[in-house]
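Overview (structure and organization)
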Amino acid sequence: QVQLVESGGGLVQAGGSLRLSCAASGRFPIGWFRQAPGKEREFVAGISWSGAVKYFADSVKGRFTISRDNAKNTVTLQMNSLKPEDTAVYYCAARDKWYCSGYECPSDFGSWGQGTQVTVSS
């Protein structure tokens with residue numbers, strides 16, 4: 001059974017930075033998604049098994065980066081220039097299907113972490 005544990009969320013002022021980590025029980029393609037209250041879960045970023053391929057939502061391009069350490073089975077989402085609209089619960093997920101060409105489809109991800117809250121104050 002795949003296990004994923006997120007960490008690193010918190011409260012930050014607009015313009016600040018946070019680093020989220022996803023510790024996995026193995027090596028998988030990983031996606032980060034977020035869900036704000038009353039909104040649908042949305043794609044944030046994804047990284048391939050090797051780390052060579054990365055995807056970002058338009059809303060975070062140029063502000064967020066994603067990387068992985070396969071020796072530790074961890075994926076890091078570095079979030080800079082944070083905005084109040086980035087406030088959400090952030091989830092990492094392991095991909096096990098390939099119906100979508102990118103990483104934007106939650107249905108391609110079979111295992112999810114418990115989520116970590118990110119709050120950006122204005």
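Now for a quick tour of the structure. Keep in mind that what you see is a predicted model, and the values were worked out from it rather than measured.

For the structure on display, the rule yields 6 salt bridges. Of the charged contacts in the structure, one is a salt bridge between D86 and R63, with a shortest N-O distance of 2.7 Å. Of the two residues, D86 is situated in the loop between β8 (74-79) and β9 (88-95) and R63 in the loop between β6 (54-56) and β7 (64-69); the sequence distance between them amounts to 23 residues. Of the residues examined, D86 reaches a relative accessible area of 0% and is grouped as buried. When its relative accessible area of 10% is taken as the criterion, R63 is described as buried. In this structure, K97 engages D96 in a salt bridge whose closest nitrogen and oxygen atoms are separated by 3.1 Å. Classification of D96 as partly exposed rests on a relative accessible area of 46%.

What follows deals with the state of the cysteines. Throughout the structure, instances matching the rule amount to 2 disulfides. In this model, C22 is linked to C92 through a disulfide, with the two sulfur atoms separated by 2.1 Å. Linking C22 and C92, the disulfide has an S-S dihedral of approximately 70° and is accordingly described as right-handed. In this pair, C22 is assigned in strand β3 (residues 18-24) and C92 in strand β9, connecting sequence segments 70 residues apart. Here the two residues C22 and C92 agree in accessibility, since each one is buried. The disulfide partner of C100 is C105, and the gap between their sulfur atoms is 1.7 Å.

Below, the discussion takes up unusual backbone geometry. Despite not being glycine, N73 has its phi angle at roughly 55°, a positive value. Examined against the element boundaries, N73 turns out to sit in the loop between β7 and β8. Within the chain, S81 stands out as a residue other than glycine whose phi angle is a positive 50°. Within the secondary structure layout, S81 lies in the loop between β8 and β9. By relative accessible area, which is 41% here, S81 ends up partly exposed.

Across a sheet, paired strands are connected by hydrogen bonds in the backbone, their directions being either parallel or antiparallel. Read from one edge to the other, the open sheet built from 4 strands follows the order β1-β3-β8-β7, with strand pairing classed as antiparallel. With one partner strand each, in any of the chains shown, β1 (4-7) and β7 form the two edges of the open sheet. Recorded for the sheet is a direction-independent mean angle of 15° between the axes of neighbouring strands.

The rules behind these values
Starting afresh in each chain, residues are numbered from 1 along the sequence in its written order. With the structure being a predicted model, the display of local features is reserved for residues of pLDDT at least 70 and the display and counting of side-chain atom pairs for 80 or more, all residues being used for whole-chain, interface and lining totals. Side-chain descriptors were evaluated using all non-hydrogen atoms of the structure, hydrogens and water having been removed beforehand. What counts as a salt bridge is simple: a side-chain nitrogen of Lys or Arg found within 4 Å of a carboxyl oxygen of Asp or Glu. Numbering goes from the N terminus for both helices and strands, where a helix is a DSSP run of H or I of at least four residues and a strand is a run of E of at least two. To sort residues, take the accessible area from a 1.4 Å probe on protein chains only and compare it with the maximum for the residue type: under 20% means buried, over 50% means exposed, and anything in between is partly exposed. Cysteine sulfurs are considered disulfide-paired once they come within 2.5 Å of each other. Here the rule is simple: two strands pair whenever DSSP picks up at least two bridges between them. Structural elements are reduced to axes, namely lines fitted to C-alpha atoms, with helices fitted over the stretch in contact, and the angle between N-to-C directions of any two is expressed from 0 to 180 degrees.

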